[in-house]
Each structure stands twice: as C-alpha cells, then as structure tokens.
Amino acid sequence: MLILNMGKSLGTFRASYLVALSCIGSFLFAYDTGVVGGVLTLPSFQKDFYISTANQANVSSNATSLLQAGAFFSCFFVWPFTARYGRRWSIALASLVFTIGGIIQVINTHSLAAFYVARVISGIGVGMATVIVPMYTAEMAPKHVRGQLGSMFQFFFTLGVMTSYWIDYAVSEHLGPTTQQWQIPIGLQLVPGGILGLGMLLTKESTRWLAKSHRTDEAMKSLIWVRGGDSIEVQEEFAEIIAGIREEEHATEGLTWKEYLLPANRLRFAIVVTLQIGVQLTGNTSLAYYAPQIFKAVGAGDQSLLISGFFGVVKVVSCLFFLLFLVERIGRRGSLLAGAFLMGVYMLIIACLTATHPPVSGQPLSSTGAVSVAMVYLEAMTYNMSWGPVSWLYVSEIFPSRIREAGIAVGTATQWLFNFVFSQITPHAINNIGWKTFVMFCIFNWALVVYTWFVIKETKGKSLEEMENLFGSSKTAIDRGDPQTYTEKTITKV
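Residues numbered from 1 in each chain as written. Predicted model: local features only at pLDDT ≥ 70, side-chain atom pairs only at ≥ 80, totals over all residues. Heavy atoms only, no water.

S.K.: Honestly, helix α11 (residues 216-227) in this entry has me stumped. Any pointers?
M.R.: Along its 12 residues, α11 runs 16 Å from first to last C-alpha, staying within 8% of the 16 Å computed at 1.5 Å per residue. Within the sequence span of α11, burial applies to Ala 219, Met 220, Ser 222, Leu 223, Trp 225, Val 226 and Arg 227. Phi for Gly 228, located one or two positions after α11, is positive at around 85°. (Helix = DSSP H or I, 4+ residues; strand = E, 2+ residues; numbered from the N terminus. Expected span 1.5 Å × (residues − 1). Buried < 20%, exposed > 50% of the residue type's maximum accessible area, 1.4 Å probe, protein only.)

The structure is reproduced here in structure tokens:
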C-alpha cells in the first residue's frame, strides 16, 4: 500500500511537472499579447520606429491583429503536423517559431515592416502552442485531477498577463527613453520560450497519440512514467485507452473526413465553436486588452496603469484558488452557469454607476469610480474561476482520439478569430456608446447562462474514453460491404 501511494504521488508530481512545463506556451500567449500594448506607448519605441500621434492607433491595432492572424492560420497547419509527428515535437516547433519571431522583434531594425513580420511569426508560434498544450495536457493527466491540471492553462495565461503589466510599468517608471527600455520587456519572453522548447526533450510523448499510432510498447512506457510506476490501475487504464482507440478505429473504418460529420461529432464541433465565442461574449478579453482605457472610462483617471497592474494580480490569485479548491468540486457546468450569471450582474452594476455618475476627466478616483473598479476586478476574478479555465479544459477533453487534433484546432481557431473581432470592436464601443458597452456585455453573459443550461454536459471525473457514452447515440459504424455506406450504431447513454 505504501509503495502504491508513493507511486501515485510520483505520478501526480510528474503529471503536474509535464503540464506546468507545457503551459509555458499559454504564458507566452498571454505575455506576448499583453506586453506589446505597453511597449507601443514607450517614448523610446516610438522614437526608434518613427511612430507619431497620427499613426500610433494604426500601429497598435496592426501589432495586435497580426499576432492574432498568425495564430489563427497556424491552428490549421499544426493540426496535421501533430497528428503525424506527435505532441512533444509540435510544442518544440512552436517554441522555435515563437523564439525566431521574438528575436526579430527585439532587434532595433527601425522598420515597422520588420516588426510586423516578427509579430506574425510569433503569432504562428503561440497559435500552435494554444492548440497542442490543452491536447497534451488532457491526454496525459489522470482523470481525477484532469480538471485541476487542465485549468493550469488559464492559470499560466493569467501569470503571463500579470507579468506583462508589471514589466511594462517597471520599465516606464525606472528606465529612461533608450532602446533598452523597450527591448527588455520584449526580450524577456525569449527565456520562457527557450525553456518550453528545451523542456520538451525531458518529457514523454502522449500515451494516447502513441497508442493511436500503433506504437503500443512506447505508449505503455509513457503511461507508466507519467503515472509514477506500473500497477494494476495503470494496466487497467492502458487497457481502457487501447480498447477505446481500437473501438473508434473499428467503428469509423474507411470514413476519413466523413467521420467529422457524424451526429455526435457535429455536436462536439458545434459546442467548441459556440463555447469559444461565448468566452469572448463575456467581455473579459476586451477588459484585458484595453484595461487602462476601461479603467479611465469608469473613473480611475491617471491611476489606470497602476490599477491595471493589480488587475493582473487578482486574476492570478482567483485562477489559482479555482484550480486548487473548486474545479473538481463544482464541475465544469456549474462553474460556467455561476460565472456567466455573476459577470452579467457586475457588468450591469458598472453600467448603472457609469451612466448615473459619469467620470470627469482630470478628477481623482471618486467613490462611484472605486466601486466600478471593484466590479471590474470581481468580473475578472469570476471569469478566471469559470469561463477562462473551463473553456480550454472542456474543449480539450470532449473529442475522441481520432479527431481530437481537428476538434481542438477548430476550437482554438474560433477563439483567435473572435478574439480579433472583439479586440477591434471594444475600443470603438467604449468611445461611441460608453456605459452601454457594459449593458451589452451584461446581456451577453445572461444569454450564456441559458446556453450553458441547455447545451453543456458535465464531464467531471470521466475518462477521455467515457466521453463517447456521454455524448450519446450517433452514426458510427460502417457497412463492411460498402465503406461509404453508413449504418446506425447506438451507444448506450450513461
């Protein structure tokens, strides 16, 4: 019994180490997205790249949009790559691509065109990582802690956002307007980028990918390593993985692309697309991108940059609390329901306060402004205990092995596409309709409560192989006489 417990502890440690290392990809995604907003405001960067008041808004928009464009298109490139070459090498390639983009960004080329090209290259790298990391995490984590480990993707994202806020604040306060002022925050991202790539050399390939590739002996060794040793439980888990994969292969033999159109799989694709759209509808991404502007809009005045820094801190603390204490207790569905409802309440309060007590430019933070800031903080905390971590976790765990790469790629591409859409909409909404922007997000959040109630299924505590039962009856079998003819096969619902 003691040896068994030691094996489980070692297995939990190894799984946690593997997931934490992989989630550096999420940190890079957040840091690279967040740091550029502050860098573009630095006098040193504006001088070196000849940015004037006239083109500053366009440069800011292009720097964000090009990263998102690179990330969006990379989702579809990395899908077949990871299916052929595995998860480890895909993450290592993402690290290499990101590092190349980071190096070009940090060089003082005095050319916005070169900086833009570098943003696209970095976007390709982080886009690849956002597809592979949730997939690798879900495939390697034990089911009893998969929620906790899967939520680490969002936790590392919040760490990246917080770090970018404070690095920008530090160099603006403590460094003069020299080239090093903007090179330091951009160059620092090369450190975790290198750690991510080199760290992949010290981990094991995904057990399920190896099993799907008919490399059974390697798959067994991978599972034994990540579970901390061999045991009856490990043997049973491996048998379940092999049985699930072989059943999928038997049921969908000869289908190729048509299996994506099977009823249960169409439902899964619809869920991941609508779920990732829902993430953007909460309004949190918009708050993250334009935190200083948002805080000025609710009356924070000249303290908006400092308040933005603490905005990053509360995200980290709340996500860590969710990861440690809530995710395996309240489940996926419960956290989405509660999160959407509460975020709607906070948005409505902000709208009412801002409408009845509009902020006055040049005035210190008022009492109503302080309440509005508190509501923005509460919204961020709630998001990072619900839609932030759960969306990535849910997308990574509901697909069968044969189409998991495509499913996560589609979900991630949707996230990047609507991330771009809302990053373009938000500043115009704040400038043109003011407090009504928060009413809009309130309505969106309460609509998400209805969506979650009727669409989202609870996946807590279920293995990846048990997801087939959860998603019910579907067309999955093939008439052996004609590989193109479908026959019905009912999967018993749980």
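S.K.: Just checking my understanding: could you explain helix α4 (residues 56-85) for this structure?
M.R.: Since the α-helix advances by 3.6 residues per turn, residues separated by three or four positions end up pointing in the same direction. Between its first and last C-alpha, α4 extends 42 Å over 30 residues, near the 44 Å set by a 1.5 Å rise per residue. Where α4 bends most, the angle comes to about 30°, and this point is Cys 75. Taken from the residues just after α4, Gly 86 is the one with a positive phi, measuring 95°. (Bend = angle between axes of the 7 residues up to and from the residue.)

S.K.: It is not clear to me how the nonpolar core should be interpreted in this structure. Could you clarify?
M.R.: Taken as a class, soluble globular proteins show a tendency for nonpolar side chains to be buried jointly. In this structure, Phe 45, Phe 115, Val 131, Leu 275 and Trp 387 are the most contacted members of the largest nonpolar core, which totals 123 residues. When residues of this core are assigned to their parent elements, the largest contribution, 15 residues, is made by helix α16 (residues 304-356). Excluding anything up to four places from it in sequence, Val 131 contacts Cys 75, Val 78, Ile 408, Ala 409 and Thr 412. (Core = buried A, V, L, I, M, F, W, Y, C linked by side-chain atoms within 4.5 Å. Contact = heavy atoms within 4.5 Å.)

S.K.: It is not clear to me how unusual backbone geometry should be interpreted in this structure. Could you clarify?
M.R.: Comment: phi is negative for the bulk of residues other than glycine, and the bulk of peptide bonds are trans. In this structure, Tyr 50 is a non-glycine residue whose phi angle is positive, near 55°. In this fold, Tyr 50 is placed in the loop between α3 (43-48) and α4. What makes Tyr 50 exposed here is its relative accessible area of 59%. Non-glycine residue His 214 carries a positive phi angle of around 65°. By secondary structure assignment, the location of His 214 is in the loop between α10 (207-212) and α11.

S.K.: Before we go on, may I ask you to explain the packing of α4 against helix α5 (residues 87-106) in this structure?
M.R.: The angle between the axes and the distance between the axes are what describe a pair of packed helices. Across the interface, α4 lies against α5 with an axial gap of 7 Å and an inter-helix angle of 135°. As summarised for this structure, α4 and α5 are arranged oblique, according to the angle between their axes. Residues Phe 77, Val 78, Phe 81, Thr 82, Ala 83 and Tyr 85 of α4 form the contact with α5, whose participating residues are Arg 87, Trp 89, Ser 90 and Leu 93. (Axes fitted to C-alpha atoms, helices over the stretch in contact; angles between N-to-C directions. Parallel < 35°, antiparallel > 145°, perpendicular 65-115°, else oblique.)

S.K.: How do you make sense of the environment of Val 450 when you look at a structure like this?
M.R.: Mapped onto the elements of the fold, Val 450 is located in helix α20 (residues 436-455). Taking the relative accessible area as the measure of exposure, Val 450 reaches 48% and is therefore partly exposed. In the structure, Val 450 is positioned 110 residues away from Ala 340 in sequence and 9.5 Å away in space, judged by C-alpha atoms.

S.K.: Which parts of the structure should I look at to understand the packing of aromatic side chains?
M.R.: The geometry of an aromatic ring pair is captured by two quantities: the separation of the ring centres and the angle between the planes. If you walk through the whole model with that rule in mind, you get 20 aromatic pairs. Taken together, a centroid distance of 5.2 Å and an interplanar angle of 50° make the contact between Phe 321 and Phe 325 tilted. Of this pair, Phe 321 and Phe 325 both sit in helix α16, four residues apart, which is roughly one turn of that helix. Residue Phe 321 is classed as partly exposed on the basis of its relative accessible area of 41%. Residue Phe 325 is classed as partly exposed on the basis of its relative accessible area of 42%. Measuring from ring centre to ring centre gives 6.2 Å for Phe 441 and Phe 444, while their planes differ by 70°; the resulting arrangement is edge-to-face. Pair noted here: Phe 441 and Phe 444 are both in helix α20, with a separation of three residues, about one helical turn. (Phe/Tyr/Trp six-rings, centres within 6.5 Å; stacked < 30°, edge-to-face > 60°.)

S.K.: Honestly, the packing of helix α7 (residues 146-174) against helix α18 (residues 387-397) in this entry has me stumped. Any pointers?
M.R.: At a minimum axis distance of 8 Å, the contact between α7 and α18 shows a crossing angle of 120°. Comparing their axes, α18 and α7 come out oblique. You can see that α7 and α18 cross each other, and the crossing is right-handed. Residue-level inspection shows Arg 146, Gly 147, Gly 150, Ser 151, Phe 153 and Gln 154 of α7 in contact with α18, the latter providing Gly 388, Pro 389, Trp 392, Leu 393 and Glu 397. Per-class residue counts for the contact of α7 with α18 are four nonpolar, five polar and two charged. (Left-handed = near helix turned anticlockwise from the far one by under 90°. Nonpolar A, V, L, I, M, F, W, Y, C, P; charged D, E, K, R; others polar.)

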